[in-house]
Amino acid sequence: MGRSEIVRVEGLEKIYGYGRNALRVLKNVSLGISRGEIVSIVGPSGAGKSTLLNIMGCLDGFQAGNLVIKGRDVSSFSVEDLSDFRNLHIGFIFQLHNLLPEFTALENVMFPLLIRRMGKRQTRARAMEMIDRFDLADRSHHKPSELSGGECQRIAVARALIGGPEIILADEPTGSLDSENSRKLIDILFDLGKEKSTTIVIVTHSGEIAGKTERTVTLVDGEIRTDVKNGGAPGGGEEGPI
Ligand SMILES: Nc1ncnc2c1ncn2[C@@H]1O[C@H](COP(=O)(O)OP(=O)(O)O)[C@@H](O)[C@H]1O
Ligand SMILES: [Mg+2]
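None of the values given here were measured: they were computed from a predicted structure.

Asker: Even after reading the chapter, I still don't get the sheet that holds strand S3 (residues 38-42), so can you show me in this structure?
Answerer: One key point about sheets: their strands pair by backbone hydrogen bonds, in either a parallel or an antiparallel sense. Read from one edge to the other, the open sheet built from 6 strands follows the order S6-S7-S8-S3-S9-S10, with strand pairing classed as mixed. Strand pairing shows two members of the sheet lacking a second neighbour, strand S6 (90-93) and strand S10 (223-229), which therefore form its edges. With strand direction ignored, the average angle separating the axes of adjacent strands in the sheet is 15°. Pairing of S6 with strand S7 (residues 167-171), which is carried by 4 bridges, proceeds in the parallel orientation. Paired with Gly91 across the bridge in S7 is Ile168.

Asker: Can you help me understand helix H6 (residues 179-195) in this one?
Answerer: In an α-helix, one turn spans 3.6 residues; hence positions three or four apart end up facing the same way. Here H6 contains 17 residues, and its C-alpha end-to-end distance of 24 Å stays within 8% of the 24 Å for a straight helix at 1.5 Å per residue. Turning to H6, its buried residues are Ser182, Leu185, Ile186 and Leu189. Each buried residue of H6 lies within a common arc of 95° when the element is viewed along its axis, so the set occupies one face. Those residues of H6 that are exposed and angled more than 90 degrees off the buried face are Glu180, Asp187, Asp191, Lys194 and Glu195. Contacts made by the buried residues of H6 are with helix H5 (149-161) and helix H7 (207-212). One or two positions beyond H6, positive phi appears at Ser197, with a value near 50°.

Asker: Before we go on, may I ask you to explain the site of ligand 1 in this structure?
Answerer: The environment of ligand 1 is made up of Tyr16, Gly17, Leu23, Val25, Gly43, Ser45, Gly46, Ala47, Gly48, Lys49, Ser50 and Thr51. If you list the elements that add at least two residues to the shell around ligand 1, you get strand S2 (23-34) and helix H1 (49-56). In terms of residue count, H1 provides more of the shell around ligand 1 than any other element does, 3 residues in total. Of the residues that constitute the shell around ligand 1, the class distribution is 4 nonpolar, 7 polar and 1 charged.

Asker: I keep staring at the environment of Ile131 and nothing clicks. Help me out?
Answerer: Looking at the secondary structure, you find Ile131 in helix H4 (residues 120-133). Sequence separation between Ile131 and Ile162 is 31 residues, and the spatial gap between their C-alpha atoms is 9.2 Å. Other than its neighbours up to four places away in sequence, Ile131 contacts Ala105, Leu106, Val109, Leu136, Ala137, Ser140 and Ala158.

Asker: Explain the environment of Ile115 to me, please; I cannot follow it from the model alone.
Answerer: With respect to the helices and strands, Ile115 occurs in helix H3 (residues 105-115). We classify Ile115 as partly exposed; it has 13 C-beta atoms within 10 Å.

Asker: Sorry, what's going on with the sheet that holds strand S4 (residues 64-69) here?
Answerer: Taking strand neighbours across the sheet as the criterion, the 4 strands line up as S2-S1-S4-S5 in an open arrangement whose pairing is antiparallel. Looking at the sheet topology across the chains shown, the edges are occupied by S2 and strand S5 (72-73). Sheet topology places strand S1 (residues 5-16) next to S2; 8 bridges connect them, and they run antiparallel. In the sheet register, Val9 faces S2, and the bridge partner there is Leu31. Of the strands in this sheet, S1, S2 and S4 touch H1, which is tilted by about 125° from S1.

Calculation rules
- Residues numbered from 1 in each chain as written.
- Chains lettered and ligands numbered in written order.
- Predicted model: local features only at pLDDT ≥ 70, side-chain atom pairs only at ≥ 80, totals over all residues.
- Pairing = 2+ DSSP bridges.
- Helix = DSSP H or I, 4+ residues; strand = E, 2+ residues; numbered from the N terminus.
- Axes fitted to C-alpha atoms, helices over the stretch in contact; angles between N-to-C directions.
- Expected span 1.5 Å × (residues − 1).
- Buried ≥ 20, exposed ≤ 12 C-beta atoms within 10 Å, placed from the backbone.
- Arc of directions from axis to C-beta.
- Contact = placed C-beta atoms within 7 Å.
- Near = placed C-beta within 6 Å.
- Nonpolar A, V, L, I, M, F, W, Y, C, P; charged D, E, K, R; others polar.

Structure follows, in structure tokens:
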């Protein structure tokens, strides 16, 4: 295991269903991600990209293999420990923003800090600062239904970043956005990530977005097909390009 590795997936097996209906979705997947690295995961629909990201985000279990995050074997955690660990270290961005509809943009962004029992005044100030980075200060008191898709997704990214997670996992965060909104979101996300040396793993269908990441892992039919550093040199993981 590399010293600077923040996430290590080893021999991961994920099977949905049982018996004759069993579907082997991840097949012996091994992958290491370094601290501060920005990695894209690409591949055809149904390849297992979301499954892999959900597992790395401790949102889903698996049948065999290991998942080590920040040097800790998270599969041994209790449910409570896991949710604390996730809240502290991992920001997850979903394809559909997943904002709570009955709360304002500001309140949605405040949640991760309120869960940590940070005081309301300080939380509000931090959330407003973050929302301002996304150019949405004037929209902060609106509910998701009163915001555009691009605005909602930017709020969702602000919510994922507010707690200063070391790891950001984003599952096709621009899947529902036009190219201008998509570019805006990715630029802020990557800029903020680089500023704080945040590790970012992003699933995307966009070659343009993948090209902005340092390394691209291609998943096909539950297996890692290629793993390349962008800009020439092969590697990043053990598997070079095939
Ligand atoms: N909860 C589930 N139950 C059964 N099969 C699932 C479930 N979630 C995903 N799958 C199947 O697992 C495979 C991989 O899905 P997914 O990880 O969502 O792929 P991707 O994100 O690459 O499109 C697909 O064949 C999908 O139908
Ligand atoms: Mg998916």
